[in-house]
Amino acid sequence: MQFLSDNAAPVHPKVWQAMRAADAPDTPYDTDALSRELDARFSALFGRECAALWVATGTAANCLALATMVEPHGGVVCHEEAHVEMDECGAAGFYLHGAKLLLAEGEGAKLTPADIEHVLAGITRGVHQVPAHAVSITQASEYGLVYRPEELAAVGMLANDSGLGLHMDGARFANAAAFLDCAPAEAVGPAQALSFGCVKNGAMNAEAIVFFDPERAELVRWRRKRAGHLQSKGRFMAAQVLAMLDNDLWLDNARAANTVAGVIAEGAGDRLVHPHEINELFVRMTQEERKALRDQGFAFYDWDDACVRLVTSWATDPDHAAALAKAISAL
């Protein structure tokens, strides 16, 4: 009974079907019919003109998007526990040719305008310090918390007033949108670029970078090639992304993951470190309690000495979630 990560979930059958359907001759790289369809499909989804490119990983999506906003001497304001800081092995500095991450604090791994302003206020010594060029926020955050539209608007206003680009790491954007139950455009707010997560939500190895300023995509086409992410048979990447968009599979999968996480959250009760919003839960637990659950067949990661992380997916068996909820409540 596995609650390690939504990355460990199987590929959705409809994604496999789409990849098999794409297994026919077409032009290479991103000139195929499926890849050429992405711009229009994302434009329809968000209700405004978009340009979208596929890449193989969320790390590449985040860094290639930020590379359109940040010069090598600049910096990106992000949360100190953001994925780009904690889990991407310095990829931002690599892709951005030495640009720096400027770390901010914020409750629940979310940033407020005040959190960002605190970092900006410390940049006072001209060319002797790294200037901020962009802000990167995560929807939903590393602790499974969702930015509401009004929070996004406030961050966007500060970024705009400060002359900063705004990027959204949307590895679990689908789960956030499902929780908000609003239009996708409201869940992304004023972000200029979105890393639209698919792998955690049922795809095999395709993510999308969505640019709300299409001109930015032209720069990334060159940088994607240089970074080794322009795959020869790109139609298989595009097929996965399009399959996620077809009939809102991306939202259906996210709703399923969020729902079974809610069952576990009820069993965890006041052990929850953060409120249940998406498919990611942090639960206070002693070492002895962790062993007791593992002895019953539950797999999960230790987050720190105080708590564990439990993650559900589109494929999580509801019976497994109910069993985990019962086991936690019995500790």
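Above this text sits the structure in question.
What you are looking at is a predicted structure, and each value in this text was computed from that prediction instead of being measured. (Residues numbered from 1 in each chain as written. Predicted model: local features only at pLDDT ≥ 70, side-chain atom pairs only at ≥ 80, totals over all residues. Heavy atoms only, no water.)

**Student:** I'd like a description of the sheet that holds strand S9 (residues 301–302), backed by residues and values.
**Tutor:** Sheet architecture is open: 3 strands sit in the order S8-S10-S9, paired in antiparallel fashion. Sheet topology places strand S8 (280–284) and S9 at the edges, where each strand pairs with a single neighbour. Where S8 lies against strand S10 (residues 307–311), 5 bridges are found, and the strand directions are antiparallel. Bridged to Glu 280 within S10 is Val 311. (Pairing = 2+ DSSP bridges. Helix = DSSP H or I, 4+ residues; strand = E, 2+ residues; numbered from the N terminus.)

**Student:** Before we move on, could you go through the sheet that holds strand S6 (residues 193–196) and cite the residues and values that matter?
**Tutor:** One open sheet accounts for 7 strands, arranged S1-S7-S6-S5-S4-S2-S3; its pairing is mixed. Every interior strand has two partners, whereas the edge strands, strand S1 (51–55) and strand S3 (100–104), have only one. In this sheet, neighbouring strand axes are inclined to one another by 25° on average, regardless of whether the strands run parallel or antiparallel. Bridging between strand S2 (residues 75–79) and strand S4 (residues 132–138) involves 3 bridges; their strand directions are parallel. Across the sheet, the residue bridging to Gly 75 is Ala 132, located in S4. Seen against the sheet, helix H6 (residues 113–121) touches S2, S3 and S4 and runs at an angle of roughly 125° to S3. Most of the contacts of helix H11 (residues 235–245) go to S1, to which it runs at about 120°, and overall it touches S1, S6 and strand S7 (207–211). (Axes fitted to C-alpha atoms, helices over the stretch in contact; angles between N-to-C directions. Contact = heavy atoms within 4.5 Å.)

**Student:** So, the nonpolar core: which residues are in play, and what are the values?
**Tutor:** Judged by nonpolar contacts, the single largest core of 62 residues is most densely connected at Phe 42, Phe 46, Phe 196 and Trp 250. With 9 residues, H11 is the largest single contributor of residues to this core. Sequence-distant contacts of Trp 250, defined by excluding residues within four places in its chain, comprise Leu 45, Phe 173, Ala 174, Ala 177, Pro 184, Phe 196, Asn 201, Met 244 and Leu 245. In this structure, Ala 61, Met 69, Val 84 and Leu 96 belong to the second largest nonpolar core, which totals 28 residues. (Core = buried A, V, L, I, M, F, W, Y, C linked by side-chain atoms within 4.5 Å. Buried < 20%, exposed > 50% of the residue type's maximum accessible area, 1.4 Å probe, protein only.)

**Student:** Go over the pattern of salt bridges with me, naming the residues and quoting the values.
**Tutor:** Applying the stated criterion across every chain, the model contains 16 salt bridges. Between Glu 37 and Arg 41 there is a salt bridge, and its shortest N-O distance comes to 3.2 Å. Of this pair, Glu 37 and Arg 41 are both found in helix H2 (residues 33–46), 4 residues apart, which corresponds to roughly one turn of the helix. Since its relative accessible area comes to 31%, Glu 37 is described here as partly exposed. Judged by its relative accessible area of 23%, Arg 41 falls in the partly exposed class. In this structure, Arg 255 engages Asp 252 in a salt bridge whose closest nitrogen and oxygen atoms are separated by 3.3 Å. Taken together, the residues Arg 255 and Asp 252, both in helix H12 (residues 249–268) and 3 residues apart, mark about one turn of the helix. Residue classification places Arg 255 among the partly exposed positions, given a relative accessible area of 38%. Asp 252 gets classed as partly exposed once you look at its relative accessible area, which sits at 41%. It is possible to trace a salt-bridge network through shared partners that takes in Asp 6, Arg 172, Glu 280 and Arg 309. (Salt bridge = Lys/Arg side-chain N within 4 Å of Asp/Glu carboxyl O.)

**Student:** Tell me about the environment of Ser 232, residues and numbers included.
**Tutor:** One can find Ser 232 in the loop between helix H10 (215–226) and H11. A C-alpha to C-alpha distance of 4.4 Å links Ser 232 and Tyr 29, two positions 203 residues apart in sequence. The residues contacting Ser 232, other than those within four sequence positions of it, are Pro 28 and Tyr 29.

**Student:** Describe the pairing of S10, naming the residues involved and giving the relevant values.
**Tutor:** Within S10, 5 of the 5 residues are buried, which leaves it mostly tucked inside the rest of the structure. Covered by surrounding structure in S10 are Cys 307, Arg 309 and Val 311 together with Val 308 and Leu 310, the residues of both alternating faces. In this sheet, S10 lies alongside S9 in antiparallel orientation, the contact comprising 2 bridges. Bridge assignment links Asp 302 to a residue of S10, and that residue is Val 308. Taken together, S9 and the strand that follows it, S10, pair antiparallel across an intervening segment of 4 residues.

**Student:** Give a detailed account of unusual backbone geometry, specifying residues and quantitative values.
**Tutor:** With omega at 0°, the peptide bond leading from Gln 139 into Ala 140 counts as cis. Along the chain, the position of Ala 140 falls in the loop between S4 and helix H7 (149–161). A positive phi is found at His 97, a non-glycine position, where the angle reads about 55°. Among the structural elements, His 97 can be located in the loop between helix H5 (91–95) and S3. One non-glycine residue, Ala 109, lies in the positive phi region at around 65°. Looking at the element boundaries, Ala 109 is found in the loop between S3 and H6. Under the relative-accessibility criterion, Ala 109 is labelled buried at 6%.

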